[in-house]
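Inside the fold
The lines below spell out each chain.
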There are 2 protein chains.
Amino acid sequence: MNTPSTPRLYHIPLSPYCRKVRLVLGEKRIDVELVEERWWEAGSEILRRNPAGKIPVLRMDGRLWSESQAIVEYLDETHPNPALMPDTPAGRHEVRRLCAWFDDKFNEEVTRPILSERVWKKVMKAGYPDSRLVKSGLRAVKEHIDYLGSLLDERKWLAGNALTLADFTAAAHLSCLDYISDVDWDRSNSLKDWYATVKSRPAFRSVLADQVSGLAPAPHYAELDF
Amino acid sequence: MNTPSTPRLYHIPLSPYCRKVRLVLGEKRIDVELVEERWWEAGSEILRRNPAGKIPVLRMDGRLWSESQAIVEYLDETHPNPALMPDTPAGRHEVRRLCAWFDDKFNEEVTRPILSERVWKKVMKAGYPDSRLVKSGLRAVKEHIDYLGSLLDERKWLAGNALTLADFTAAAHLSCLDYISDVDWDRSNSLKDWYATVKSRPAFRSVLADQVSGLAPAPHYAELDF
Ligand SMILES: N[C@@H](CCC(=O)N[C@@H](CS)C(=O)NCC(=O)O)C(=O)O
Ligand SMILES: N[C@@H](CCC(=O)N[C@@H](CS)C(=O)NCC(=O)O)C(=O)O
């Protein structure tokens, strides 16, 4: 008899898309084996796993799944306990809008410029950070903090009154920046309180234990009281 | 008594994200008033409609909706006839994976470099096209055609045996490129046949009638037999 094998996630530690999937797996208490996929190194087999050449890729239910948002929607549909999507179309729209806010806009304006200059160039030995890109990311993050803070002044969670995929998508991006200390939490108390709450969930433990070799996390990174 | 007003879509003609929403509205026979939102011109009120500053924005059911993928999922949930999502979680994953393929990967490698250099710089009077970017887009589009062709050798529609949101997302991107004649349809018969079928749907009429001032469409652009 075949026992279903443990799901396996091909990932890298400071990727917001991989973290989103890890957090949702954790919240749903699905055990997963993490396998680091350094797709930029010779010998990476990423293209055999995903024709788009991107991580995360999840091996589960006998298949390979790619694209983080498509994966977490699949996980929410197949493991509805706890549900991470609201039960109205308008509620689900708001969750998806905010996930796209992070995966498209926040990534382009903040996560990508900052991480590629301050982390990936170092890890991939690809030269020195371009300080203009870093600065533009640090400028943009302020506006984002203000917008998220204004949402959280009115709402308990990012997309409304329940914890959803939007909170984990947001936390996936923000936690990558927080690793290198690039979030000014003092700018918004409501955002800081929200992050402290998300960070204290058991699903966050694996993410808080991440270590990128040659790049120690900020001292407060794994602290629940920061 | 209040009669519900006609939905209104803030858009621009050659935007793949706006086209995706237009095509899905058309397929579901939802009448819509199109309003051009030239967000780069002084006086644009886009930020009042969408804090992300992006189009498409749809006014419908008494609210403003943004983010194309979140919008089309909302439309599919609230107007399920015809359904544009499969009825299994794995089927829906495949649709969402392919939508993300276009909105993330294809956009970054093909649609954005080609359109921003060959269309937007002209429309926005922002200088001359950078031919390296155009060339890299034209190189990448070949690999994408081969991948899509290989999918369509096995499947009737892009995500399987039924017409879904993935077909309209793909057609939204490809039709923008086809306007300026940048798709080599002879490279894959199965892709060409698929595009001819999608293009002949009534939903496509409005998109085929688009005209960008100062930039005439390729002669075959609106022809169903191309
Ligand atoms: N839309 C994808 C984005 C994933 C993504 O961009 N992953 C990066 C790592 S953070 C990657 O694999 N990049 C490799 C490449 O683009 O070739 C998703 O949501 O899964
Ligand atoms: N993720 C968005 C992307 C929309 C998008 O990038 N729209 C472009 C026009 S094609 C835009 O409004 N750009 C203005 C800006 O980024 O400031 C969606 O799917 O709706």
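Residues numbered from 1 in each chain as written. Chains lettered and ligands numbered in written order. Predicted model: local features only at pLDDT ≥ 70, side-chain atom pairs only at ≥ 80, totals over all residues. Heavy atoms only, no water.

1. Digging into the interface of chain B and chain A
- The interface of chain B with chain A comprises 26 residues on the first partner and 26 residues on the second.
- The contact between chain B and chain A buries some 2,400 Å² in all, and 55% of this surface belongs to carbon and sulfur atoms.
- Of all residues in chain B, the largest losses of buried area upon contact with chain A belong to B:Glu77, B:His93 and B:Arg96, amounting jointly to 22% of the total for that side.
- Scanning the region where chain B abuts chain A turns up 10 salt bridges.
- For the salt bridge of B:Arg96 with A:Glu73, the shortest nitrogen-to-oxygen distance reads 3.5 Å.
- Here chain B and chain A share 12 residue pairs in polar contact (both at pLDDT 80 or more) between them.
- Per-element accounting of the side of chain B that touches chain A gives the leading share, 12 residues, to helix 4 (residues 89-123) of chain B. (Contact = heavy atoms within 4.5 Å. Buried area = accessible area lost by both parts, 1.4 Å probe. Salt bridge = Lys/Arg side-chain N within 4 Å of Asp/Glu carboxyl O. Polar contact = N/O pair within 3.5 Å; in protein donor to acceptor, adjacent residues only side chain to side chain. Helix = DSSP H or I, 4+ residues; strand = E, 2+ residues; numbered from the N terminus.)

2. Comments concerning the sheet that holds strand 4 (residues 63-66) of chain B
Residue and element names in this part refer to chain B.
- Pairing is mixed in the open sheet, where 4 strands are placed in the order 2-1-3-4. The sheet is open, and its two edges are formed by strand 2 (33-36) and strand 4, each paired on a single side. When strand polarity is set aside, the average angle formed by the axes of neighbouring strands in this sheet is 20°.
- Looking at chain direction, strand 3 (residues 57-60) and strand 4 are connected through 4 bridges and run antiparallel. Among the inter-strand pairings, Arg59 is bridged to a residue of strand 4, identified as Leu64. (Pairing = 2+ DSSP bridges. Axes fitted to C-alpha atoms, helices over the stretch in contact; angles between N-to-C directions.)

3. Observations regarding the pairing of strand 2 (residues 33-36) of chain A
Residues and elements named next belong to chain A.
- Bridge count between strand 1 (residues 8-11) and strand 2: 4 bridges; the pairing is parallel. For Tyr10, the partnering residue across the bridge sits in strand 2 and is Val35.
- Crossover handedness for the path strand 1 to helix 1 (residues 16-27) to strand 2: right-handed. (Right-handed = clockwise from strand over helix to strand, strands pointing away.)

4. Digging into the site of ligand 1
- In the vicinity of ligand 1, the contacting residues are A:Ser15, A:Tyr17, A:Trp39, A:Gly53, A:Lys54, A:Ile55, A:Pro56, A:Glu67, A:Ser68 and B:Asp104.
- The separation between a nitrogen atom of ligand 1 and a polar main-chain atom of A:Ile55 is 2.9 Å.
- A:Glu67 is positioned such that a nitrogen or oxygen atom in its side chain is 2.7 Å from a nitrogen atom of ligand 1.
- A total of 510 Å² of accessible area belongs to ligand 1 in isolation, and the protein chains cover 77% of it. (Near = heavy atom within 4 Å. Areas by Shrake-Rupley, 256 points an atom, 1.4 Å probe, with all protein chains shown as cover.)

5. Quick look at the UniProt feature "domain: GST N-terminal" (unreviewed entry) in chain A
- Mapped onto this numbering, the UniProt entry gives "domain: GST N-terminal" (unreviewed entry) at residues 5-83 of chain A.
- Helix makes up 34% of residues 5-83 of chain A and strand 20%, with an end-to-end C-alpha separation of 24 Å. (UniProt positions renumbered as here; feature names shortened; annotations may be inferred.)

6. Remarks on the environment of B:Trp157
Residues and elements named next belong to chain B.
- Counting through the fold element by element, Trp157 comes out in the loop between helix 5 (131-154) and helix 6 (165-179).
- The class for Trp157 is buried, based on a relative accessible area of 9%.
- Along the backbone, Trp157 and Leu191 are 34 residues apart, and their C-alpha atoms lie at a distance of 9.8 Å.
- Residues in contact with Trp157, not counting those within four places in the same chain, are Leu152, Ala162, Leu163, Asp167, Trp194, Thr197, Val198 and Arg201. (Buried < 20%, exposed > 50% of the residue type's maximum accessible area, 1.4 Å probe, protein only.)

7. A short note on the relation of the copies chain B and chain A
- Its rotation angle being 180°, the transformation that places chain B on chain A also includes 0.0 Å of axial translation and leaves an RMSD of 0.0 Å. Such a turn and shift between the copies fits a two-fold axis. Nearest to the rotation axis, the C-alpha of B:Asp104 is located 4.1 Å from it, this being the minimum over chain B.
- Of the interface residues in chain B, 100% have counterparts in chain A that sit at the interface too, so the contact is made through matching surfaces. (Least-squares fit on C-alpha atoms with pLDDT ≥ 70 in both.)

8. Here we look at the sheet that holds strand 2 of chain A
Residues and elements named next belong to chain A.
- In space, the 4 strands of this open sheet follow the order 2-1-3-4, with mixed pairing throughout. Each having just a single partner strand, strand 2 and strand 4 (63-66) make up the two edges of the open sheet. Pairs of neighbouring strands in the sheet enclose a mean axial angle of 20°, with direction left out of account.
- Inspection of the sheet shows strand 1 paired to strand 3 (residues 57-60) by 3 bridges, in the antiparallel sense. Bridged to Tyr10 within strand 3 is Val57.
- Where helix 3 (residues 68-78) meets the sheet, it contacts strand 3 and strand 4, and its direction lies at approximately 120° from that of strand 4.

9. So, the packing of aromatic side chains
- Considering all chains together, one arrives at 22 aromatic pairs over all chains under this definition.
- Their ring planes at 70° and their centres at 5.6 Å tell us that A:Trp185 and A:Phe226 sit as a pair that is edge-to-face. Of this pair, A:Trp185 sits in the loop between helix 6 (165-179) and helix 7 (189-199) while A:Phe226 is found in the segment after helix 8 (205-208), placing the two residues 41 residues apart along the sequence.
- Residue class for A:Trp185 comes out buried when judged on its relative accessible area of 7%.
- For A:Phe226, a relative accessible area of 21% gives the class partly exposed.
- Measuring from ring centre to ring centre gives 5.4 Å for B:Trp39 and B:Trp40, while their planes differ by 90°; the resulting arrangement is edge-to-face.
- In this structure B:Trp39 comes out as partly exposed when scored by relative accessible area, which is 38%.
- Using a relative accessible area of 22% as the deciding quantity, one classes B:Trp40 as partly exposed.
- Three or more aromatic residues link up through ring pairs in this structure, and these residues are A:Trp185, A:Trp194, A:Tyr195, A:Phe204 and A:Phe226. (Phe/Tyr/Trp six-rings, centres within 6.5 Å; stacked < 30°, edge-to-face > 60°.)

10. Regarding the site of ligand 2
- Lining the immediate environment of ligand 2, one finds A:Asp104, B:Ser15, B:Tyr17, B:Trp39, B:Gly53, B:Lys54, B:Ile55, B:Pro56, B:Glu67 and B:Ser68.
- Neighbouring residues of ligand 2 are distributed over chains A and B.
- Between ligand 2 and B:Ile55, the relevant distance is 2.9 Å, taken from a nitrogen atom to a main-chain nitrogen or oxygen of the residue.
- Within the side chain of B:Glu67, an N or O atom sits 2.7 Å from a nitrogen atom of ligand 2.

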